[in-house]
Amino acid sequence: MSYLEQHGSSTVPLELTRGSANEPPTFERFEAPFSLLLAHMTGPPTPDLRMYLAQHSLVDLPNALQTDLPTPALLAKLGRGDIYASSLWMGRPPTRTPLHRDPNPNMFVQLAGQKIVRLLKPEVGRGVYERAKLRAGGGGRANMRGEEMMVGDEMQALEEAVWDAQDGGAEGVEAQLSAGDGLYIPLGWWHAVRGTGTGANASVNWWFR
């Protein structure tokens, strides 16, 4: 944390999810100093409130942090060697990103903590997504991190299909990542992610053509 606190005044985009047994969950995005997230990650547990730094472009980080997150040399040898975008993800477990697919291949690296990623082949994932969306009456987009992905009936239907085995067509593979592990997610493969364990949880990824 002392390493990160040097950059506490930097402005970052945060996601805030609130909810309890007596209230429906709410989701909002806002910009705030990085120090707010660090305080949340090191403070007492807040089971009814989650704060997450999601999909923050590396080029918008302070120069010192960008230098410490160099693009893996391997990516220069894959595809066109063309990095489409990159992102930092950081929070305190439990964190989640429901089932979706990316518009480009994805190299995902775990920096701290643990994450579980469940992956489905393109045709399997599309079926699971469409059936869950139909059950929930949703209209979200499969490659956009919109509000319907984070709270509500559509999110719940996707989580149940992938994690609670309530969709018989959801056969796939699972990767358990710890600090230093990397995962290649092929183009078109659907995936859902959960941060587990305790303490800081951080990941970085690069999308390439």
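Before reading further, recall that the structure is shown in the block above.
Only a predicted model underlies this, so the values are computations on that prediction, with no experimental measurement involved.

Chemist: What's the story with the packing of aromatic side chains in this structure? I'm lost.
Modeler: For any pair of aromatic rings, geometry is given as the distance between the ring centres together with the angle between the planes. All chains considered together, the criterion is met by 3 aromatic pairs. Each ring, one from Y129 and one from W190, has its centre 5.1 Å from the other, and the planes form 35°; the classification is tilted. Of the two residues, Y129 is situated in helix α4 (residues 122-136) and W190 in strand β10 (residues 190-196); the sequence distance between them amounts to 61 residues.

Chemist: Any chance you could explain the sheet that holds strand β4 (residues 83-91) here in plain terms?
Modeler: Strands belonging to one sheet form pairs held by backbone hydrogen bonds; the direction of such a pair is parallel or antiparallel. One open sheet holds the 7 strands; their spatial order is β2-β1-β3-β4-β11-β6-β9, and the pairing between them is antiparallel. The open sheet is flanked by β2 (23-33) and β9 (182-185), the only strands paired with a single partner. Geometrically, the sheet is characterised by an average inter-axis angle of 20° between neighbouring strands, direction not taken into account. Here strand β6 (residues 106-112) runs beside strand β11 (residues 201-208); their pairing, made up of 6 bridges, is antiparallel. Across the sheet, F108 pairs through a bridge with N205, a residue of β11. Together, β1 (11-20), β2, β3 (49-56), β4 and β11 form the strand contacts of helix α2 (residues 34-42), whose direction differs from that of β3 by roughly 135°.

Chemist: So what exactly am I meant to see when it comes to the sheet that holds strand β5 (residues 95-101) here?
Modeler: Strands sit in the order β5-β10-β7-β8 across an open sheet of 4 strands; the sheet is antiparallel. This sheet does not close on itself; its edge strands, each paired only once, are β5 and β8 (173-177). On average, adjacent strands in this sheet sit at an angle of 15° to one another, irrespective of strand direction. As judged from the 5 bridges shared by β5 and β10, these two strands associate in the antiparallel manner. Its bridge partner lying in β10, H100 is registered against H191. The sheet contacts of helix α6 (residues 153-163) involve β5, β7 (114-120) and β10, and relative to β5 the element is tilted by about 85°.

Chemist: Sorry, what's going on with α6 here?
Modeler: In an α-helix there are 3.6 residues to a turn, and that puts residues three or four apart on one side. Along α6, 8 of the 11 residues are buried, which leaves the element largely enclosed by surrounding structure. Every buried residue of α6 is listed here: E154, M155, A157, L158, E159, A161, V162 and W163. Downstream of α6 by one or two residues, A165 has phi in the positive range, about 55°.

Chemist: Help me understand the pairing of β11 in this model?
Modeler: Successive side chains on a regular strand alternate, one facing one side of the sheet and the next facing the other. Buried residues dominate β11, accounting for 8 of its 8 residues. Burial along β11 is two-sided: N201, S203, N205 and W207 and A202, V204, W206 and F208, pointing in opposite directions, are all buried.

Chemist: What exactly am I supposed to notice about the nonpolar core here?
Modeler: Here is a general trend for soluble globular proteins: nonpolar side chains tend to be buried in one another's company. By size, the foremost hydrophobic cluster in this structure holds 24 residues, and its most contacted members are L14, F34, L37, L53, L58, L88 and M90. At the level of secondary structure, the elements contributing two or more residues to this core comprise β1, α2, β3, β4, β6 and β11. Grouped together as the second largest cluster of nonpolar side chains are 14 residues, L120, A157, V162 and A192 included.

Chemist: Any chance you could explain the pairing of β7 here in plain terms?
Modeler: The element β7 is largely enclosed, with a buried count of 5 among its 7 residues. Pairing between β7 and β10: 7 bridges, direction antiparallel. Pairing of L120 across the sheet is with W190, part of β10. Two strands pair when backbone bridges link them, and β7 and β8 are joined in this way by 5 bridges, in the antiparallel orientation. Its bridge partner being in β8, K115 is matched across the sheet by L177.

Chemist: Mind showing me how you'd approach the packing of α4 against α6 here?
Modeler: Between two packed helices, what matters for the description is the angle formed by their axes and the separation of those axes. Packing of α4 against α6 brings their axes to within 8 Å, and their N-to-C directions diverge by 135°. Put simply, α4 runs oblique to α6. The element α4 and its partner α6 pack so that their crossing is right-handed. Along the contact surface, α4 presents V128, Y129, A132, K133, R135 and A136, while α6 presents D153, E154, A157, L158 and A161. A breakdown of the residues in the contact of α4 with α6 according to their chemical character gives 7 nonpolar, no polar and 4 charged.

Chemist: Looking at this model, I keep getting lost on the side chain of H100. Mind explaining?
Modeler: Tracing the chain through its elements places H100 in strand β5. Residue class for H100 comes out buried when judged on its relative accessible area of 10%. At 3.4 Å, the side chain of H100 and the side chain of D102 are in polar contact.

Basis of the calculations
- Residues numbered from 1 in each chain as written.
- Predicted model: local features only at pLDDT ≥ 70, side-chain atom pairs only at ≥ 80, totals over all residues.
- Heavy atoms only, no water.
- Phe/Tyr/Trp six-rings, centres within 6.5 Å; stacked < 30°, edge-to-face > 60°.
- Helix = DSSP H or I, 4+ residues; strand = E, 2+ residues; numbered from the N terminus.
- Pairing = 2+ DSSP bridges.
- Axes fitted to C-alpha atoms, helices over the stretch in contact; angles between N-to-C directions.
- Contact = heavy atoms within 4.5 Å.
- Buried < 20%, exposed > 50% of the residue type's maximum accessible area, 1.4 Å probe, protein only.
- Core = buried A, V, L, I, M, F, W, Y, C linked by side-chain atoms within 4.5 Å.
- Parallel < 35°, antiparallel > 145°, perpendicular 65-115°, else oblique.
- Left-handed = near helix turned anticlockwise from the far one by under 90°.
- Nonpolar A, V, L, I, M, F, W, Y, C, P; charged D, E, K, R; others polar.
- Polar contact = N/O pair within 3.5 Å; in protein donor to acceptor, adjacent residues only side chain to side chain.

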